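Observations on the model geometry
These are the residues of each chain, in order.
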Amino acid sequence: EKGTYSHFMLKEIDEQPFVMRKIIHEYQTENNELKLDANVRQAMKVCDRIYIIAAGTSYHAGLVGKEFIEKLAHIPVEVHIASEFSYNMPLLSEKPLFIFISQSGETADSRAVLVKIKELGHPALTITNVPGSTLSREADYTLNLYAGPEIAVASTKAYTAQLAVLAILAVDTAKAKGLDLDFDPLQELAIVANAMEVLTDQKEAIEDLVREYLGTTRNAFFIGRSTDYHVCMEGALKLKEISYIQAEGFAGGELKHGTIALIEEGTPVIALASQDNVNYSIRGNVQEVVARGANALVISMKGLEQDTDAFVIPHVHELLTPLVSVVPLQLLAYYAALHRDCDVDKPRNLAKSVTVE
Ligand code: F6R
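The structure presented is a predicted model; accordingly, all values stated were derived computationally and were not measured.

1. A short note on the sheet that holds strand E10 (residues 311–313)
Hydrogen bonds between backbone groups are what pair the strands of a sheet, and the pairing can be parallel or antiparallel. The five strands are arranged E7-E6-E8-E9-E10 in an open sheet whose pairing can be described as parallel. Across the chains shown, the open sheet's two edge strands, defined by having one partner strand only, are strand E7 (246–251) and E10. Along the sheet, successive strands turn relative to each other by an average axial angle of 20 degrees, direction set aside. The strands that helix H11 (residues 227–243) touches are strand E6 (219–224), E7 and strand E8 (268–273); relative to E7, the one it contacts most, it runs at about 175 degrees.

This is the structure:
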């Protein structure tokens, strides 16, 4: 039920702080330890390489998940678009573990890979919002997202839930391997939940930014480096799928290798600056596009902000910035679609779960 909301998408964006708290609750023991299926823990511990398989927004979550697992648990990770996997199947390691990330658990492209790797005898873990779904039933293990039903075609709360569960999984594995960490994911996710609330309370500010930057434009660019780049890809997907503005997420350093040719007077460029180690270089990219006439909208994190930034997100742990920086991008897409009279919850040509290959 939408309740007082005009669209499911806005309701689901607003639900994100609650989903974070639900995940914290579900993945916590009474002694404040992480609570995870012992079989999942074991599978993560014994594998020598992880292959993440997913589509669309879930693929974008996988790109961030790779960073969590590599940085925290020290296991190499490859992230593959499900529909591409079979054409150029990578050489597999000796003890691979496949992780399928899927909100619906029904995505046919991902299922095709699952069927194939089960034939080869490899273990599979599905991270999904629908525990009884096909991908959940057919994998060896399942981790639940606890995001509640996601009705809007554009995925929002499932993405941040995927990131939260991936962070928990990475830390749990690190601990199981005896690695020393000073990162408490449950505590940090609680801070994320509060930050999300601050952001969902700033809808009017975001709507103003949409008027100023995305009013009549036909295209828009999102630029970022490192983690921010992966969030830019997600922000661009959100914007194009519901507002039909042609949008692309680019790595800041790649601009000069071609894309910068597209920048004209007034082209909107949304830049993310949430990471200390890339703050200086992404600012350089912003200057490059501004010098060519771009209308640059910088979204930075508290502590890294500059006077000209259009929007500042609250400070969270640097590993978890995607969970927070994506929220203004979701809201930008929502209001851009609304202002264009688009069917926000049911964009043209798209289905909520894609059950054909
Ligand atoms: C974008 C979107 C899609 C899905 C993709 C995978 O907002 O919703 O890109 O993320 O179709 O779907 P799941 O996660 O159900 O496998």
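2. Side note on unusual backbone geometry
One non-glycine residue, Ser226, lies in positive phi territory at about 55 degrees. Among the structural elements, Ser226 can be located in the loop between E6 and H11. Despite not being glycine, Tyr244 shows a phi value in the positive range, around 65 degrees. Assignment of secondary structure puts Tyr244 in the loop between H11 and E7. Relative accessible area serves as the criterion here: at 28%, Tyr244 is assigned to the partly exposed category.

3. A closer look at the confidence of the model for the protein
The predicted model of the protein has a mean per-residue pLDDT of 96, with 100% of residues at 70 or higher. Complex prediction metrics read pTM 0.98 and ipTM 0.99.

4. Observations concerning the packing of helix H2 (residues 16–26) against helix H9 (residues 185–200)
Contact geometry of H2 with H9 gives a least axis separation of 8 Å together with a crossing angle of 165 degrees. By the angle between their axes, H2 is roughly antiparallel relative to H9. As H2 packs across H9, the resulting crossing turns out to be left-handed. Along its contact with H2, which presents Gln16, Pro17, Phe18, Met20, Arg21 and Ile24, the element H9 presents Leu186, Leu189, Ala190, Val192, Ala193, Asn194, Met196 and Glu197. Here the contact of H2 with H9 is built from residues that sort into ten nonpolar, two polar and two charged.

5. Focus: the site of the ligand
In the vicinity of the ligand, 13 residues are found, and the nearest of them are Ser58, Ser102, Ser104, Thr107 and Glu241. For the ligand, whose unbound accessible area comes to 400 Å², protein coverage reaches 91%. Listing elements by their share of the shell around the ligand, those giving two or more residues are helix H4 (56–73) and H11. With three residues, H4 is the largest single contributor of residues to the shell around the ligand. Its residues assigned to classes, the shell around the ligand shows three nonpolar, eight polar and two charged.

Rules and cut-offs
Residues numbered from 1 in each chain as written. Predicted model: local features only at pLDDT ≥ 70, side-chain atom pairs only at ≥ 80, totals over all residues. Heavy atoms only, no water. Pairing = 2+ DSSP bridges. Helix = DSSP H or I, 4+ residues; strand = E, 2+ residues; numbered from the N terminus. Axes fitted to C-alpha atoms, helices over the stretch in contact; angles between N-to-C directions. Contact = heavy atoms within 4.5 Å. Buried < 20%, exposed > 50% of the residue type's maximum accessible area, 1.4 Å probe, protein only. pLDDT = per-residue confidence, 0-100. Parallel < 35°, antiparallel > 145°, perpendicular 65-115°, else oblique. Left-handed = near helix turned anticlockwise from the far one by under 90°. Nonpolar A, V, L, I, M, F, W, Y, C, P; charged D, E, K, R; others polar. Near = heavy atom within 4 Å. Areas by Shrake-Rupley, 256 points an atom, 1.4 Å probe, with all protein chains shown as cover.

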